[in-house]
Amino acid sequence: MYLTKQEERMLDGEYGWANQVSMKILVRLGDLFGATKLIPVQSAHLSGVSYKHLGDAAIDFLNEVANNGGRAQTLATLNPSSFDQEYLVKHYSKERFAKQTRIIELYKKMLIQPTLTCTPYYLQKPKLGQHLAWSESSAVVYANSVLKAWTNREGAPSALAAALVGKTPNYGVHQPENRQSNVLVKLEAELPAEVDYGALGIYLGKLLKDKIPTLKGLHGSDDEMKQLGAAMASSGMTTLFHIGEPSKKEKLETISVEAKEIEEAMSSLCTTDHAPDLVFIGCPHCAMNEVESAARVLQGKKIRKDAELWVCTSRYVRERAKNYVDIIERAGGRVLCDTCVLVTWIKDLGVQRLMTNSAKTAFYAPTLNEVDVALAPLKKCIQVACRN
Amino acid sequence: MAKKTLVGRGIVSGRCKGIALVSQKPLSFLGGVDYSSGVVVEKNHDLKGESLKGKVLCFPSGHGSTVGSYVLYSLVQKGLGPKAVVNQVADTVVVVGAIIAEIPMVDQIHIKRIKTGDVVEVDGEKGTVKVVDKAD
């Protein structure tokens, strides 16, 4: 891999330990995956924020980086943390509060913005063809497939390294030839709601692993594509998908998906049909119009006394959706920022059964949260959360 | 018995000699290894209950969350981690973990040719694993 003189000096440690270790990560990954050089990135988005997920191990490392000169050289944003500052913060121990606060403070010291959302693209939308280094898998697929920006599926440490150096090795989907699809998926079923996109995503992710599919016969909204991509990236290693017809007249392996497969994926994601204690909308974090959809279904209704409704989003969206937030809160629901079900300790809040419209959450919650899950469209989720 | 040298690819430089702990299953450091003890806790894993401390850890490949790299770093910092890592196929979680933990790593090694208890020498520069003393 070609390195500039300055990059070489960074690798030799002239710019301090944090830059050196970051450079070691970028150069080694670049060498292993066939990069020819480092390229500047428009932004870095980092997973590895929630204390629940991250644990104590990461604090040791982040502390060393922050205290040895690690400072972001590009726009850098953070994934959700394990609690919001109004509601969940009151429910957890002092230790958890201190550890989570410490993690965020260490990132702030590195000049990484505490956006605490998995949908950084609502705050600042990457442009077509811009190079990024993002590590939230749902955001990676959305950036590549819907926004057509270019990012590999970074890990938490490599996204951090890219943030601190401001560059990433140019392997993988940073090369146009690696963005071409290698499998054609013909959809021969109707997808009436966002959950159906999610269930399709779980099915495809398992089947395709890291392949780049072209999906034919799909006409979803950006929000439905968000559900699809988040699910594919959960059950598989998807980085990118295309919609429409394959660009070349090449012979691609072709797979047909029928309603039966989607129904099976849906039922495999549902582990209970009992009434939920918690209804959750907002994985990935809600866009403005998803907060609006939730509010419209809730208008004039009240949440059951024996259940909670969480609508999770970014502070950015919440501030701009104030009218809808008021409707949700008047009905007894909660609009939580900075966090979500997957990255917090819902079991410790007494939750045993979760209902959600997110296939990604349904895929992960039985193991990450040890709860039973029901998957249903937003409208049904909210109706179930309401009193009759 | 003749010593055998397995030739793979050097991932992280450094040399060490130690006792091999061999698994046939992929390992996730996050969730699969207890951060405070360095013991494998992943359900149904063939190393479940084994401590990684001071071992040359040989397994096919890493999987799971990329935060796992930090677990490897911390275990090594606390003296509870492996001395070196040998993989069949290097994945980014383990590569980054070995880089930041500063332990030698080699991949493209046929793991089945090493047995738990073998004494091995790992050379992360040359990309070799030499079995210097066989387990019984």
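Note that the structure is predicted; figures quoted are calculated from it, not measured.

With that settled, consider the overall build of chain B. Within chain B, the secondary structure is distributed over three helices and eight strands. For chain B, the N- to C-terminal ordering of α and β elements is β-β-β-α-β-α-β-α-β-β-β. The C-alpha radius of gyration of chain B comes to 13 Å, within 12% of the 14 Å expected for a compact globule of 136 residues. Its C-alpha atoms give chain B principal-axis dimensions of about 40 × 30 × 25 Å. Residues classed as buried in chain B amount to 51% of the 136 residues present. Counting contacts in chain B only where the partners sit at least 6 residues apart, residues at least 24 apart contribute 69% of the total.

Next up on the list: the sheet that holds strand 12 (residues 308-313) of chain A. Residue and element names in this part refer to chain A. Across the sheet, which stays open at both edges, the five strands sit in the order 13-12-11-14-15 with parallel pairing between neighbours. Looking at strand neighbours, the two that pair on one side only are strand 13 (334-337) and strand 15 (372-375), the edges of this open sheet. Between one strand axis and the next, the sheet turns through 30 degrees on average, direction left out of account. Summarising the sheet, strand 11 (residues 278-286) and strand 14 (residues 353-356) pair through three bridges and their orientation is parallel. Looking at strand 14, one finds that Leu 278 is bridged to Leu 354.

Attention now goes to the packing of helix 7 (residues 194-208) of chain A against helix 13 (residues 359-368) of chain A. Residues and elements named next belong to chain A. In contact at an axis separation of 8 Å, helix 7 and helix 13 are set at 55 degrees when each is read in the N-to-C sense. For the element pair helix 7 / helix 13, the angle class is oblique. Contacts between helix 7 and helix 13 involve Val 195, Gly 198, Ala 199, Gly 201 and Ile 202 on the former and, on the latter, Ala 359, Lys 360 and Phe 363.

Residues and elements named next belong to chain A. Looking at chain direction, strand 14 and strand 15 are connected through four bridges and run parallel. Bridging across to strand 15, Met 355 finds its partner in Ala 374. Each parallel crossover has a hand, and the one from strand 14 via helix 13 to strand 15 is right-handed.

This brings us to the sheet that holds strand 10 (residues 253-258) of chain A. Within a sheet, each strand pairs with its neighbour through backbone hydrogen bonds, oriented either parallel or antiparallel. Residues and elements named next belong to chain A. Spatial strand order, 9-8-7-10: four strands in an open sheet with parallel pairing. Edge positions in the sheet fall to strand 9 (242-243) and strand 10, since each of these pairs with one other strand and no more. Here strand 7 (residues 183-188) pairs with strand 10 via six bridges, running parallel. Across the sheet, the residue bridging to Val 185 is Ile 255, located in strand 10.

All right, on to the interface of chain A and chain B then. At the junction of the two partners, chain A supplies 20 residues and chain B supplies 16 residues. Taken together, the elements giving at least two residues each to the side of chain A that touches chain B come down to helix 2 (17-33), helix 3 (51-67) and helix 6 (156-165) of chain A. When residues in the side of chain A that touches chain B are grouped by element, the largest group, eight residues, is from helix 3 of chain A. Here the residues of the side of chain A that touches chain B sort into 10 nonpolar, six polar and four charged.

Before going further, it helps to spend a moment on the domain arrangement of chain A. All names here are of chain A. Looking at chain A, the domain boundaries give domain 1 (5-175), domain 2 (180-268) and domain 3 (270-385). The distance between the C-alpha centroids of domain 1 and domain 2 comes to 28 Å. Of the residues lining the interface, 11 residues belong to domain 1; the matching set on domain 2 comes to 12 residues. Secondary structure elements with two or more residues in the side of domain 1 that touches domain 2: helix 5 (137-147) and strand 5 (150-153). Ranked by residues supplied to the side of domain 1 that touches domain 2, first place goes to helix 5 with eight residues. When its residues are assigned to classes, the side of domain 1 that touches domain 2 shows five nonpolar, five polar and one charged.

Now for unusual backbone geometry. Residues and elements named next belong to chain A. Going from Cys 283 to Pro 284, the amide bond is cis rather than trans, its omega being -15 degrees. Locating Pro 284 in the fold gives a position in strand 11. Although it is not a glycine, Lys 209 adopts a positive phi angle of roughly 55 degrees. The residue Lys 209 is located in the loop between helix 7 and strand 8 (213-216) in this model.

A few words on the environment of Ala 295 of chain A. All names here are of chain A. Its location among the elements puts Ala 295 in helix 10 (residues 288-298). When the 23 C-beta atoms within 10 Å are taken as the criterion, Ala 295 is described as buried. Taking the C-alpha atoms as reference points, Ala 295 and Tyr 122, separated by 173 residues in sequence, lie 19 Å from one another. When near neighbours in sequence (up to four residues on either side) are disregarded, Ala 295 contacts Tyr 324, Ile 327 and Ile 328.

Rules and cut-offs
Residues numbered from 1 in each chain as written. Chains lettered and ligands numbered in written order. Predicted model: local features only at pLDDT ≥ 70, side-chain atom pairs only at ≥ 80, totals over all residues. Helix = DSSP H or I, 4+ residues; strand = E, 2+ residues; numbered from the N terminus. Rg over C-alpha atoms; globule rule 2.2 N^0.38 Å. Buried ≥ 20, exposed ≤ 12 C-beta atoms within 10 Å, placed from the backbone. Contact = placed C-beta atoms within 7 Å. Pairing = 2+ DSSP bridges. Axes fitted to C-alpha atoms, helices over the stretch in contact; angles between N-to-C directions. Parallel < 35°, antiparallel > 145°, perpendicular 65-115°, else oblique. Right-handed = clockwise from strand over helix to strand, strands pointing away. Nonpolar A, V, L, I, M, F, W, Y, C, P; charged D, E, K, R; others polar. Domains from an automatic or database assignment.

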